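Spelled out from the first residue to the last, the chains are:
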Amino acid sequence: MYDANARLWVCWLCLKRMRHKGQLEQHLKGPAHAEKLFKCPGTACGKEASSLSGIMQHIESQRCDAYDLAMGVMQQLERKMSSFRITG
Ligand SMILES: [Zn+2]
Ligand SMILES: [Zn+2]
């Protein structure tokens with residue numbers, strides 16, 4: 001994806017930034033993301049999956065603290081959303 005503010009290309013998998021689109025394409029094809037693309041955000045979990053749905057399944061299985069982390073983020077988001085007031 002392209003960060004228009006920083007004028008840099010950002011890898012959406014590892015958030016690495018690159019100056020040129022070609023560099024990002026090379027990076028995505030490179031060893032950094034060759035096999036296991038998605039990593040569980042749980043602390044000390046390290047579970048990896050080759051698809052987003054695979055890692056979602058793992059998170060929903062609640063085998064690690066990633067589920068709690070995800071729920072915490074969702075609740076924070078909801079709190080922020082509910083504090084917004086549409087005016088005008
Ligand atoms: Zn990357
Ligand atoms: Zn996990």
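Residues numbered from 1 in each chain as written. Chains lettered and ligands numbered in written order. Predicted model: local features only at pLDDT ≥ 70, side-chain atom pairs only at ≥ 80, totals over all residues.

The name that an unreviewed UniProt entry assigns to the protein chain is C2H2-type domain-containing protein, with the source organism given as Exidia glandulosa HHB12029.

### A closer look at the sheet that holds strand S2 (residues 8-10)
Selection rule: Two strands form a pair only when DSSP identifies at least two bridges running between them. Working definition: helices are DSSP H or I runs of at least four residues, strands are E runs of at least two. Numbering for both runs from the N terminus.
Here 3 strands make up an open sheet; going across it, the order is S1-S2-S3 and the pairing antiparallel. Of all strands in the sheet, those bounded by a partner on one side alone are strand S1 (2-3) and strand S3 (17-18). Bridge count between S2 and S3: 2 bridges; the pairing is antiparallel. From the neighbouring strand, Trp9 faces S3, where its bridge partner is Met18.

### Considerations on the environment of Leu8
The line we're drawing: Any pair of residues counts as being in contact when their C-beta atoms, constructed from backbone geometry, are within 7 Å of one another.
One can find Leu8 in strand S2. Through-space distance from the C-alpha of Leu8 to that of His20 is 7.1 Å; in sequence the pair is 12 residues apart. In this structure, Leu8 is in contact with Asp3, Arg17, Met18 and Arg19, ignoring residues within four places of it in sequence.

### Things to note about helix H2 (residues 52-60)
Here is the rule we go by: Any residue surrounded by 20 or more other C-beta atoms within 10 Å of its C-beta is treated as buried, while 12 or fewer makes it exposed and the intermediate range makes it partly exposed; C-beta atoms here are placed from the backbone. For this quantity, the arc is that covered by the directions from the helix axis to the C-beta atoms.
Every buried residue belonging to H2 is among Ile55, His58 and Ile59, and all of these are buried. All buried residues of H2 fall inside an arc of 100° around its axis, so they share one side. Exposed and oriented more than 90 degrees from the buried face of H2 are Ser53, Gln57 and Glu60. Check the buried side of H2 and you find it contacts strand S4 (38-39), strand S5 (48-49) and helix H3 (66-83). Trailing H2 by a residue or two, Gln62 shows a phi angle of about 55°, which is positive.

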